[in-house]
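Take a look at the letters that make up each chain.
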Amino acid sequence: MATFRNIVVLTGAGISAESGLKTFRAEDGLWEDHPVEEVATPEGFARDPDLVQRFYDERRAQVLAAQPNAAHEALGRLDREFGGELLIVTQNFDDLHTRGGAERVLHMHGEALSAWCTACDARHPWRGTLRDGPPCPSCGAAAMRPDIVWFGEMPYQMDRIFASLSAADLFVSIGTSGAVYPAAGFVQAASDTGSRTLELNLERSAGSHRFDETRLGPASELVPEWVDAVLGE
Ligand code: BJW
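Computed from a prediction, not measured in an experiment: that's the story for all the values here.

Its location among the elements puts Asp 94 in the loop between β2 (85-90) and α7 (96-99). Buried within the structure, Asp 94 lacks any salt-bridge partner; Arg 99 is the closest side chain of opposite charge, at an N-O distance of 6.9 Å. A distance of 2.8 Å separates polar atoms of two side chains, one belonging to Asp 94 and the other to Ser 16. A polar side-chain atom of Asp 94 sits 3.0 Å from the main-chain amide nitrogen of Leu 96. Sequence-distant contacts of Asp 94, defined by excluding residues within four places in its chain, comprise Ser 16, Leu 21, Val 63 and His 107.

It is worth spelling out the packing of aromatic side chains at this point. Applying the stated criterion across every chain yields a total of 8 aromatic pairs. Each ring, one from Trp 31 and one from Phe 151, has its centre 6.1 Å from the other, and the planes form 55°; the classification is tilted. Remark: Phe 151 occurs in the loop between β6 (144-148) and α8 (158-167) and Trp 31 occurs in helix α2 (residues 30-33); sequence separation between them is 120 residues. Judged by its relative accessible area of 19%, Trp 31 is buried. Phe 151 sits in the partly exposed class, given a relative accessible area of 37%. Between Phe 162 and Phe 186 the ring centres are 5.5 Å apart and the planes differ by 85°, which places this aromatic pair in the edge-to-face class. With a gap of 24 residues between them, Phe 162 in helix α8 and Phe 186 in helix α9 (residues 186-192) connect regions that are remote in the sequence.

Bringing the site of the ligand into the picture now. In the region of the ligand, 34 residues are neighbours, and Arg 25, Arg 59, Thr 176, Ser 177 and Tyr 181 sit closest. One of the backbone nitrogen or oxygen atoms of Gly 152 is found 2.8 Å away from an oxygen atom of the ligand. Within the contact set of the ligand, a nitrogen atom lies 2.7 Å away from a backbone nitrogen or oxygen of Glu 153. Protein contacts shield 75% of the accessible area of the ligand, which totals 1500 Å² for the unbound molecule. Comparing atom positions with the cavity grids shows the ligand to sit within the largest pocket. Counting residues per element, the ones that place at least two in the shell around the ligand are α1 (14-17) and α5 (49-65). Of the residues contributing to the shell around the ligand, the split by class is 18 nonpolar, 11 polar and 5 charged. Lining the shell around the ligand are residues from two domains, each supplying at least three of them: domain 1 (1-21 + 68-109 + 154-232) and domain 2 (22-65 + 113-148).

Parameters and conventions
- Residues numbered from 1 in each chain as written.
- Predicted model: local features only at pLDDT ≥ 70, side-chain atom pairs only at ≥ 80, totals over all residues.
- Heavy atoms only, no water.
- Helix = DSSP H or I, 4+ residues; strand = E, 2+ residues; numbered from the N terminus.
- Buried < 20%, exposed > 50% of the residue type's maximum accessible area, 1.4 Å probe, protein only.
- Lys, Arg positive; Asp, Glu negative; His and termini not counted.
- Salt bridge = Lys/Arg side-chain N within 4 Å of Asp/Glu carboxyl O.
- Polar contact = N/O pair within 3.5 Å; in protein donor to acceptor, adjacent residues only side chain to side chain.
- Contact = heavy atoms within 4.5 Å.
- Phe/Tyr/Trp six-rings, centres within 6.5 Å; stacked < 30°, edge-to-face > 60°.
- Near = heavy atom within 4 Å.
- Areas by Shrake-Rupley, 256 points an atom, 1.4 Å probe, with all protein chains shown as cover.
- 1 Å grid on protein atoms, 1.4 Å probe; cavity = no way out; pocket = protein on both sides within 12 Å on 5 of 7 lines; lining within 4 Å.
- Sits in = over half its atoms within 2 Å of the grid points.
- Nonpolar A, V, L, I, M, F, W, Y, C, P; charged D, E, K, R; others polar.
- Domains from an automatic or database assignment.

This is the structure:
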């Protein structure tokens, strides 16, 4: 395999599927029972905050109960052993990359285990529930919401992500459907600045045609194989 010095990895819900966390758009996915406009928009939250807080309280508990799988652990090994530049951009709000041993992780759609006070703008590590309106540890207001990015909101650290994409010589997308922007546009941004692009997914995604190469299979098999090859094992 060619030698790469600067890798950007994008991950989506598919990498955590084998840890028991549901994806969004599968037939039995999260949005089958919870329509996206109800639970993943600021308008839905304004309409029915209790429903939305319950939905995320339940998913926060599922994240706490889940364990990293072989794909998260392989990326953790890549982070420890790869001598070049690496950034793992995840759309997932779970903490399984970190528990799988990776440190260079950026949560572009926020984090399940963080709460955001809409009164004072503070963010706090959070493992409990939010539906009961707990006071913000900084200002005391009962105005905490999940620290996640809903449709119509700006994903986090976009400048840093696009700077990394433009410097990358390899962009790898793992377990994402390519249905949500701006993440779905990263493959084009990486290609435009000369990066090689590789997709690892269970099935072809909406953006498969934009990648130099697509490998199909479960992340728990494809990701360790790919990491072994990058590390020259
Ligand atoms: C496996 C596997 C296994 C399964 N192994 N693989 C019209 C055109 C273009 C854009 C827009 C438009 N109208 C509106 C927009 C913008 C909008 C958007 O993209 N809408 C689309 C519906 C078109 N985007 C936004 O609003 C974003 N903000 C924004 O654009 O701001 C302006 C801006 C402008 C310019 C620059 C920057 C910003 C915000 C998007 C926020 C998304 N939030 C969510 C919810 C987060 C909270 C929560 O967790 O509930 O993020 S939506 C949801 O989708 C979640 C995910 O991160 C995201 C992506 O989903 P993902 O991960 O791809 O999951 P799935 O289920 O779709 O796919 C799973 C994949 O895994 C599948 O491919 C399977 O095959 C695979 N798989 N098992 C390997 N074992």
